[in-house]
Amino acid sequence: DGGTTEDIVVTHLNEGGTDVIGSTFVGGAGIDGINGLTSNYGDQYRGEIVVDSDGNCYIASCTRSAEFPTTPGAYQETFGGGLQDAVVFSMPPDLSTMNWSTYIGSSNDEGALGLRLDSDDNLYISGAAKNEFIAMTGYQTTYQGGLLDAFAIKLIDDGATIEYSTFWGTPSKDAAFFVDLDNDGDVFLYGQSDGGTSEVTDDV
């Protein structure tokens, strides 16, 4: 247990649920895995875990720990600041080590809420942020204002590089809780806007 309050816990059971293949705490000295950005029922524990064809797991969450375990060469090895940073990490099936791990955050607050693997095992991540925490490249390149903006990013090279990124926000409070991909690799976001007005297309 790395923290004094809450840590993330990851456990891998066998197919029948009768044995533990691996189980571990993941965290630093602060609060880990508790989201303080959105306030729907259960949002404080919002995050996601997915598994690839080799059994490696990928986890999206958040941390308030400056000592959260990251790996050399990761996109962001150190805590960005504010109350919390988003974190994304991968572990092997027995959960014995980190395949890779990175913060995603800057001087305000960010949280990673959803993720999906594409056909090449790159990660698409959705979440919410209170500021322009990275240089965005896509649909919305600037923070739209209000309390929160939703975001989506594509993380490649085993957590070392953000290839694509965009805000999806309004001048109100916005968050993207889930992300999904279709067979063509198109990205779908599911989220919430608290009174904001977003672009609506005719073919929906």
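All of these numbers come straight from a predicted model, not from anything done at the bench. Each chain has its residues counted from 1, following the order in which its sequence is written. Under the rules for a predicted model, residues below a pLDDT of 70 receive no local features and side-chain atom pairs below 80 are neither given nor counted, while totals for whole chains, interfaces and linings still include all residues. Excluded from the side-chain calculations are hydrogens and water; all other atoms, namely the structure's heavy atoms, are used.

## Some thoughts on the pairing of strand β10 (residues 161-168)
Across a regular strand the side chains alternate sides, sitting on one face of the sheet and then on the other.
In step 1: Pairing analysis gives seven bridges linking strand β9 (residues 149-156) to β10, with the strands arranged antiparallel. The residue of β10 that forms the bridge with A152 is T166.
In step 2: Once β9 ends, the chain turns through four residues before running back antiparallel as β10, passing D157 with a positive phi of about 55 degrees. Paired strands are those between which DSSP finds at least two bridges. To qualify as a helix, a DSSP run of H or I must reach at least 4 residues; to qualify as a strand, a run of E must reach at least 2; elements of each kind are numbered from the N terminus.

## Looking at the pattern of salt bridges
In step 1: When a carboxyl oxygen of Asp or Glu is within 4 Å of a side-chain nitrogen of Lys or Arg, the pair counts as a salt bridge. Inspection of every chain in the model, using the stated rule, returns six salt bridges.
In step 2: When the shortest N-O distance is used, the salt bridge between D43 and R46 registers 2.8 Å. In terms of burial, D43 and R46 fall into one category: buried.
In step 3: D109 is the salt-bridge partner of K130, the closest N and O atoms lying 3.5 Å from each other. You can see K130 sitting in the loop between β8 (123-129) and β9 and its partner D109 sitting in the loop between β6 (100-104) and β7 (110-117), a full 21 residues away along the chain.
In step 4: Classification of residues uses two cut-offs on accessible area relative to the type maximum, computed with a 1.4 Å probe and protein chains only: under 20% is buried, over 50% is exposed, and between them is partly exposed. Here D109 falls in the buried class, since its relative accessible area comes to 6%.

Taken by themselves, the reported measurements are silent on function.
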